[in-house]
Each structure stands twice: as C-alpha cells, then as structure tokens.
Number of protein chains: 2
Amino acid sequence: MNVINLQEKLTKFSDHWHPRIVGELNGQAVKIAKVQGEFIWHSHKDEDELFYIIKGTLKIEFRDGIKTLEAGEMLIIPRGIEHRPIAEEEVHLMLFEPIETKHTGEVKSTLTKDKLDWV
Amino acid sequence: MNVINLQEKLTKFSDHWHPRIVGELNGQAVKIAKVQGEFIWHSHKDEDELFYIIKGTLKIEFRDGIKTLEAGEMLIIPRGIEHRPIAEEEVHLMLFEPIETKHTGEVKSTLTKDKLDWV
C-alpha cells in the first residue's frame, strides 16, 4: 500500500497516447497518460470511462458536439458513446475505467496497446 | 454528460465528513468531501477505497503505522484494512469506491450517512 504521487509518476514516461497503470481497485484501473494531437474515433461497448485533467486543455469530440475539459475537471463517458480526444498542446490526464479497457475501444489501431504497464 | 469541475462542486457544501457524489461509472461512485479532525476507525469488508487529495494534508492511521497524503497524491486502501483518517486542518478530497460503500464502513456511528446526495 503505497502513496501514489501523480506528478512523480508523470516524470517516468514521455510518449503520447500510451496510458500507464498507477493503481487498481474493485476491478477498475487508475491510469495516467500524456496526450497531444488527435486520437481516433472509438467507443467502449461495455465500459464507462472517466477522464480527469491534471494539466492542459482536452477537447473531446462527440458525434453531436465537443466538450472542453480544463485542469481539475472531469467527464464520464458512458459505454457505447463514440468519442475522439483532441489535445492541441500536451495534456496530462488520469483515467478511471475497468482494468480490461483498451484505450482504442472496439477499434484495433496502431495505437492499440495490448497490455499496459504499471508505472 | 456534463463536465464536472471539482472546485465548483466544492463550493456547494461546507460540512465535514459528509461526502457528496459527483459521478458514477461501472458501479463505482466518484465522491468529494471536506474533512477536518479525526474520523473513526473502520474498514470496508468487500470494497477497496481510493483517496485522492485535492487540498491539504491527510494522515491515514493504520493499525501498523500512518501514511501522509499531500495534494495531488492518492492511496488505495484494500478491502478489510482498518483505517482512520485524520486532518489537522481542513482537507478536500475525492473518493473512488463502489456506489454502495458507506464511509464509516462496517461501523454504525452518528457520522454514518444512510444515503449520500449528489452535488
């Protein structure tokens, strides 16, 4: 049982769109990621997903509009809703979602990571 | 699907040891609370619990020692582990745990809330 310092964990990697696991509870994972640029359109069939912004401004595009998230803000995206994150400048974020969730959802892409590492 | 701003949500209440729900996903709740002083010893039989510190310094006492959490830090307490939060000055925190979790765990106390409100 260790205290998890998000800023310290964020110094451990620099690549974009490659989440790392920092914690696990009740079958859910806590992940952190650095993102920049446009991600792919995807959805998660059976899993709701929480985005919490640590640093920067994240836009999340939906088929019917865009939500803008600033540091200290979060958004819960219900299962099945197509979305596409966009970060004009680098964003640091935290994700809560089931441990088995793939960040590209139902879409298999070169960005898909089959197994995430802990950091 | 609304953007949740934690600072704005924290302006909606001022009482201590009375968590409010700000979000729900995959059977888990995201809660925020303001705490000050000493809480009671308790544990959660079937539920792991995540504390994330938004503001202040939270000590969490365990039967075999104390962990100190600063803003930006989190701790996941596995099910069954007795703990007691202590805040010498006011602390703002976020909790992530199953929706049905009571904050006094298995202990029935005057602090127990039978039903938490959304904020």
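Above this text sits the structure in question.
Residues numbered from 1 in each chain as written. Chains lettered and ligands numbered in written order. Predicted model: local features only at pLDDT ≥ 70, side-chain atom pairs only at ≥ 80, totals over all residues.

1. Thoughts on the overall build of chain A
Test applied: Strands are runs of DSSP state E lasting at least two residues, helices are runs of H or I lasting at least four, and both sets are numbered from the N terminus onward. It is over C-alpha atoms that the radius of gyration is taken, and the globule rule equals 2.2 Å times the number of residues to the power 0.38. As a rule, residues whose C-beta atom has 12 or fewer other C-beta atoms within 10 Å are exposed, those with 20 or more are buried, and those in between are partly exposed; C-beta atoms are placed from the backbone. By definition, residues are in contact whenever their C-beta atoms, placed on the basis of the backbone, come within 7 Å of each other.
Broken down by element type, chain A carries 1 helix and 8 strands. For chain A, the succession of helices and strands along the chain, N to C, is β-α-β-β-β-β-β-β-β. Whereas a compact globule of 119 residues would reach a radius of gyration of roughly 14 Å, chain A reaches 13 Å, a difference of no more than 12%. Along the first, second and third principal axes, the C-alpha atoms of chain A reach 40 × 30 × 25 Å. Within chain A, the fraction of its 119 residues that count as buried is 36%. Here the contacts in chain A between residues at least 6 apart in sequence split such that 66% fall between residues at least 24 apart.

2. Quick word on the relation of the copies chain A and chain B
Formally: We place the copies in one frame by least squares, fitting the C-alpha atoms of every residue whose pLDDT is at least 70 in both.
With an axial shift of 0.0 Å and an RMSD of 0.0 Å, the rotation relating chain A to chain B amounts to 180°. In short, the pair behaves as if placed about a two-fold rotation axis. Interface overlap between copies: 100% of the residues of chain A at the interface are likewise at the interface in chain B, consistent with a symmetric, same-surface contact.

3. Looking at the interface of chain A and chain B
Keep this limit in mind: One bridge is not enough; two strands pair if DSSP finds at least two bridges between them.
Taken together, the contact between chain A and chain B spans 25 residues of the former and 25 residues of the latter. Going through the elements one at a time, strand 1 (4-5), helix 1 (6-10), strand 2 (20-25), strand 3 (28-38), strand 6 (65-69), strand 7 (73-77) and strand 8 (83-98) of chain A are the ones with two or more residues in the side of chain A that touches chain B. A per-element tally of the side of chain A that touches chain B places strand 7 of chain A first, with 5 residues. Pairing between strand 7 of chain A and strand 1 (residues 4-5) of chain B: 2 bridges, direction antiparallel. Paired with methionine 74 of chain A across the strands is isoleucine 4 of chain B, a residue of strand 1 of chain B.

4. Here's the deal with the pairing of strand 6 of chain A
Residue and element names in this part refer to chain A. In this sheet, strand 6 lies alongside strand 5 (residues 58-62) in antiparallel orientation, the contact comprising 5 bridges. From the neighbouring strand, isoleucine 60 faces strand 6, where its bridge partner is lysine 67. The turn joining strand 5 and strand 6, which pair antiparallel and follow one another in sequence, is formed by 2 residues.

5. Section: unusual backbone geometry
All names here are of chain A. Residue tryptophan 17 is not a glycine yet carries a positive backbone phi of 55°. Within the secondary structure layout, tryptophan 17 lies in the loop between helix 1 and strand 2. With 19 C-beta atoms packed within 10 Å, tryptophan 17 lands in the partly exposed category.

6. What about the environment of aspartate 117 of chain A?
Residues and elements named next belong to chain A. Structurally, the position occupied by aspartate 117 is in the segment after strand 8. For aspartate 117, a count of 11 C-beta atoms within 10 Å gives the class exposed. Considered as a pair, aspartate 117 and arginine 20 are 97 residues apart in the sequence and their alpha carbons are 5.5 Å apart. The contact partners of aspartate 117, leaving out residues within four places of it in the chain, are Arg20 and Ile21.

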